[in-house]
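What follows is the residue order along each chain.
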Amino acid sequence: MKTSPALLAFVLTAASALAAEPRLIQTDFLIVGGTESGCAAAVAAARAGVKSIVLANDIEWLGGQFSAESLAAIDENRGPEGYGHGVPFPRNGLFREVIDRIESLNREKYGHPRPGNTRVITTSRPVDSEQVFRELLQPYVESGQVRMISWAVPVEVLREDSGKRVTGVRFEQGEENESVTVHARLTMDASDWGDVIRMSGAAYEFGPDLRSTYGEPLAPESREDYPLTDMNPITYCMMLEETDGDALIPAPPGYDPENYRHHTYPKDPLWLYASRRVVDHYNLPEVIHPDVLLLCFPAFDYPVDVYPAALAAQLEADQPGASRKNIVEMTRHQRQLVFQNAREYSQGFLRYLQTEVHDTMPDKTHSFRRFRLSHEFRTADHMPPKPYVRESLRLKAMYMLRQQDTMGHSGRATNFASVMQHDGIACWQFEYDFHPTRRKFLTDKAPAGPWLADFRKGRTWGPPYSGRSLFPVRSLVPEEIDSLIGGQKNLGYTSIVSSAVRLHDQSMAIGQGAGAVAATCLKHNVQPREVPWNQSLLSEVWSQLTSTEQGAVPQTLWPFADLDPLHPDFVAVQQLAIRGAFPLQASQIEFQADRPADADWIGQVVARSRERKQFSADIQPPPGDLSRSEFATAWWALIKDAPEKEFESVKAGDRDGDGLADTDDPLPWSVETSSWPVTPISPGEDGLPPTELSSLVAAVNFAGRDVVGPEPFLLDMGATFSDDRGFGWKRELSASVRQRQRMPEVIRDTFLFTRSHDVWEYKLPGGNYRVTVCVGDSDHEQLGQNVTVEGQTLMENQNTESGMFHEAVTTVAINDGRLTMEIGRPGSKTNTCVNWLLIERVE
């Protein structure tokens, strides 16, 4: 593999300078971790004028997930429409700049900007991504603003003021473990595992949060089966290059094909081949390079809840109790033992593909036997320097971002989030996405013998999806420790939210926001914890993030679906939106830039602007027939320099006086619990069954095969009636079940539908019963729905709005041993969508 000139020059320079590296360094801003978040923070701070920045990295490679972790199929914000539907709002900020550079380099090297032809939009070989990040930082290295230190492992955090303020970090650097101390006015922990936060004395959390902790709908209720070691798994991804011959790898230590035979991943190796392809020369004729693949798949995810016996013995030999630690609390050496075992497990999967799977393929053109591990990492085993890290420790921050804050308003993922924080600095959307977190041993030899990665209930990949959300400054800042902020995945959010805020673009956006916060704090000599409560400071952060100086692409502050950051009015729209100047509903995700700005709309924008800006009554809206975006630019030009109106605090620790402490209040300047007006929904329209059912006989959820419904609901998948099962349909309807992935509750998000007339029966002994039926669709309006129970009309031509439901109750007498429900009508042209049914005994 040919090494890039830029990288080779850096290696030679770093090697020659290593011995001369000073033992003491003074800087304004210390960033620990060369991850994508750390790099973004460094660039953002440098562009904002910070004169001295040190970026300390524990390896040589820059770029985190893009490069060192080998996640070459670049994950981005995604809405509930899923893959193939683009991103929920346009690429923006430093991520956009990096992607543009990557696609330009791809075109130069491979003949196509997106050579992977796979389900993600853009792919990039790790060595190419590393080059892009290095080139992104290079102008600030040359200006003297940024100084990079490689092979520097943090070993001690320096503190003053009775341990409440971080003043620097001591590192051990290189093979000789030379001690290098960096004194800094402000430090950011953008490392893989949050070691600076852990050593700083700042509070942090790890493992699953219980529902009682933060009130999250998806959180487990008890610690049983949810140990504190349960984390989103690590994965050693593999980059593979096509060859002309046999590239069989040696069997790694402990290789056992039984580890891989029992996984439920698609059995078709061609699906696996294409799902994370990085370069595709078979289907893209302009591509001038053999195929390159990324192997990153749940079949070799590596859970960290409990370890195989041999590894556990190694950990215990290193330190008694080490095998029972959460990985974030392990020493670096202990983690390396875990990583080595994970590397070998990944290599074992490749060996399995090259042998047992290869042998079953009639056409071996795309067999993995023809692919070798890429040499681009320059490691002895050709594996990436680091595993893909999905979850780290979680900083106990000024505010812990919770699932219920981030869900789409009214439970709809297509909406803006229920809470749009006043101090937002980055936008995001994704599903709450856990890969398998449990190591399931397959024989009675446990914890020895073969195993596979399995899910714990409630900790799976989506649905549900979040809404279009903001990330707040408060979730960067420790509860008590000063001169320290979080980054990468060491942030103030719950485990559930962390599973949705971990992608390439999200990490960069939050890092860029952190860099802007740092620059503002350093300029005004204030602590980061002051920024969320000071509108003038927040305004400066927002101005930095939307700056277009030095060729910057502005960052999105408000996630409109239809406004590109290169639009001439983008900055003004963003600045007004983040201040709440536009009259919006939660479902109005498009700004509609070209729509005429009518007098009513202008009047509302002006009035709402006066709530946030102090400007003279003499300032009037610009005249003329303007579009909405044109008006926004003209109006922002008139008021942008006016002072910000500061919010008035009612009392310390509860600024809005609503009885909810600021640390638990997602909207600390408002007594409301949501950013949007809450329209009361009657119990008969919310799609949720009653919580108290004293004489319940049966509860049935109409949903698909892979749905895990709540207790005590039985699952009806559209199958025909069976005596053994005791319920079912007159005809096969398994193709008529749907899950919309719009709402967190399965019973509201799923349904079975008919466009004609269908009959369902349930075996019941004779007697009187109360039957409740719910119809509706979490994502679409449904008109003309019809339901009868035992011949009684329960609903006739019933309409439900998108995301709304209708529940109806009747009492029936059963004399023939079966309850009969009929849905739809013969010859109907509309759907009837039944969600669930309850049967209660009536005495």
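Residues numbered from 1 in each chain as written. Predicted model: local features only at pLDDT ≥ 70, side-chain atom pairs only at ≥ 80, totals over all residues. Heavy atoms only, no water.

Asks: For this particular structure, what's the right way to read the layout of surface pockets?
Replies: In this approach the atoms are scanned with a rolling probe the size of a water molecule, which exposes any empty space left behind. Computed from the structure, the largest pocket encloses a volume of approximately 1,600 Å³. Looking at the lining of the largest pocket element by element, the count peaks at three residues for helix 18 (residues 746–749). Along the lines of polarity and charge, the residues of the lining of the largest pocket split into 26 nonpolar, eight polar and nine charged. (1 Å grid on protein atoms, 1.4 Å probe; cavity = no way out; pocket = protein on both sides within 12 Å on 5 of 7 lines; lining within 4 Å. Points joined across faces, edges and corners; volume = space filled by probe spheres on them. Helix = DSSP H or I, 4+ residues; strand = E, 2+ residues; numbered from the N terminus. Nonpolar A, V, L, I, M, F, W, Y, C, P; charged D, E, K, R; others polar.)

Asks: Please clarify how the side chain of N415 should be interpreted in this entry.
Replies: You can see N415 is positioned in the loop between helix 11 (403–406) and strand 13 (424–428). Its relative accessible area of 6% is what places N415 among the buried residues. At 2.8 Å, the side chain of N415 forms a polar contact with the backbone oxygen of H409. Those residues in contact with N415 that lie beyond four places of it in its chain are G408, H409, G467, R468, A586, S587 and I589. (Buried < 20%, exposed > 50% of the residue type's maximum accessible area, 1.4 Å probe, protein only. Polar contact = N/O pair within 3.5 Å; in protein donor to acceptor, adjacent residues only side chain to side chain. Contact = heavy atoms within 4.5 Å.)

Asks: Which parts of the structure should I look at to understand the pairing of strand 8 (residues 238–242)?
Replies: As a general feature of sheets, a regular strand has side chains that alternate between the two faces. Most of strand 8 sits out of view: five of its five residues are buried. Residues of strand 8 alternate between two faces, with M238, L240 and E242 on one and M239 and E241 on the opposite face, all of them buried. The pairing of strand 8 with strand 10 (residues 292–295) spans four bridges and is antiparallel. Counted as the bridge partner of L240 is L293 from strand 10. (Pairing = 2+ DSSP bridges.)

Asks: Looking at this structure, I do not really get the sheet that holds strand 25 (residues 782–789). What am I missing?
Replies: Working definition: the strands of a sheet are paired by backbone hydrogen bonds and lie parallel or antiparallel to each other. Sheet architecture is open: five strands sit in the order 20-23-28-25-26, paired in antiparallel fashion. Two strands lie at the open edges of the sheet, namely strand 20 (727–729) and strand 26 (792–800), each paired on one side alone. Strand-to-strand twist of the sheet, defined as the mean angle between neighbouring strand axes without regard to direction, takes the value 15°. Relative to strand 28 (residues 818–824), strand 25 is paired through three bridges, and the arrangement is antiparallel. Bridge pairing links V789 to M821 in strand 28. (Axes fitted to C-alpha atoms, helices over the stretch in contact; angles between N-to-C directions.)

Asks: Honestly, the state of the cysteines in this entry has me stumped. Any pointers?
Replies: By definition, a disulfide links the sulfur atoms of two cysteines through a covalent bond. With the rule as written, the count across this model stands at zero disulfides. Its sulfur unpaired, C39 is 18 Å from the next cysteine sulfur, which belongs to C237. Accessibility expressed as a relative area gives 1% for C39, which makes it buried. The cysteine C774 is free of any disulfide, with C833 supplying the nearest cysteine sulfur at 11 Å. (Disulfide = S-S within 2.5 Å.)

Asks: So what exactly am I meant to see when it comes to the packing of helix 3 (residues 93–110) against helix 4 (residues 126–142) here?
Replies: In a packed pair of helices, the relevant descriptors are the angle between the two axes and the axis-to-axis distance. In the contact formed by helix 3 and helix 4, the axes pass within 10 Å of each other and the chain directions differ by 130°. Here helix 3 lies oblique to helix 4, going by the angle between them. In this structure, the crossing between helix 3 and helix 4 has a hand that is right-handed. Between helix 3 and helix 4, the residues in contact are L94, E97, V98, R101, I102, L105, K109 and Y110 and D128, S129, Q131, V132, F133, E135 and L136, respectively. In terms of residue class, the contact of helix 3 with helix 4 is made up of eight nonpolar, two polar and five charged. (Parallel < 35°, antiparallel > 145°, perpendicular 65-115°, else oblique. Left-handed = near helix turned anticlockwise from the far one by under 90°.)

Asks: When you look at helix 10 (residues 332–360) in this model, what are you seeing that I'm missing?
Replies: Helical geometry note: an α-helix holds 3.6 residues per turn, so side chains three or four residues apart project in the same direction. When the terminal C-alpha atoms of helix 10 are compared, their 41 Å separation across 29 residues agrees well with the 42 Å that a helix rising 1.5 Å per residue should span. A bend of about 30° at Y352 is the largest found in helix 10. The element helix 10 is extensively covered by neighbouring structure, given that 21 of its 29 residues are classed as buried. (Expected span 1.5 Å × (residues − 1). Bend = angle between axes of the 7 residues up to and from the residue.)

Asks: Whenever I open this one, the pairing of strand 10 confuses me. Can you help?
Replies: Side chains of strand 10 alternate between two faces, with V292 and L294 and L293 and L295 buried alike. Bridge analysis of strand 9 (residues 277–279) against strand 10 gives two bridges, and the strand direction is antiparallel. Bridge assignment links R277 to a residue of strand 10, and that residue is L293.

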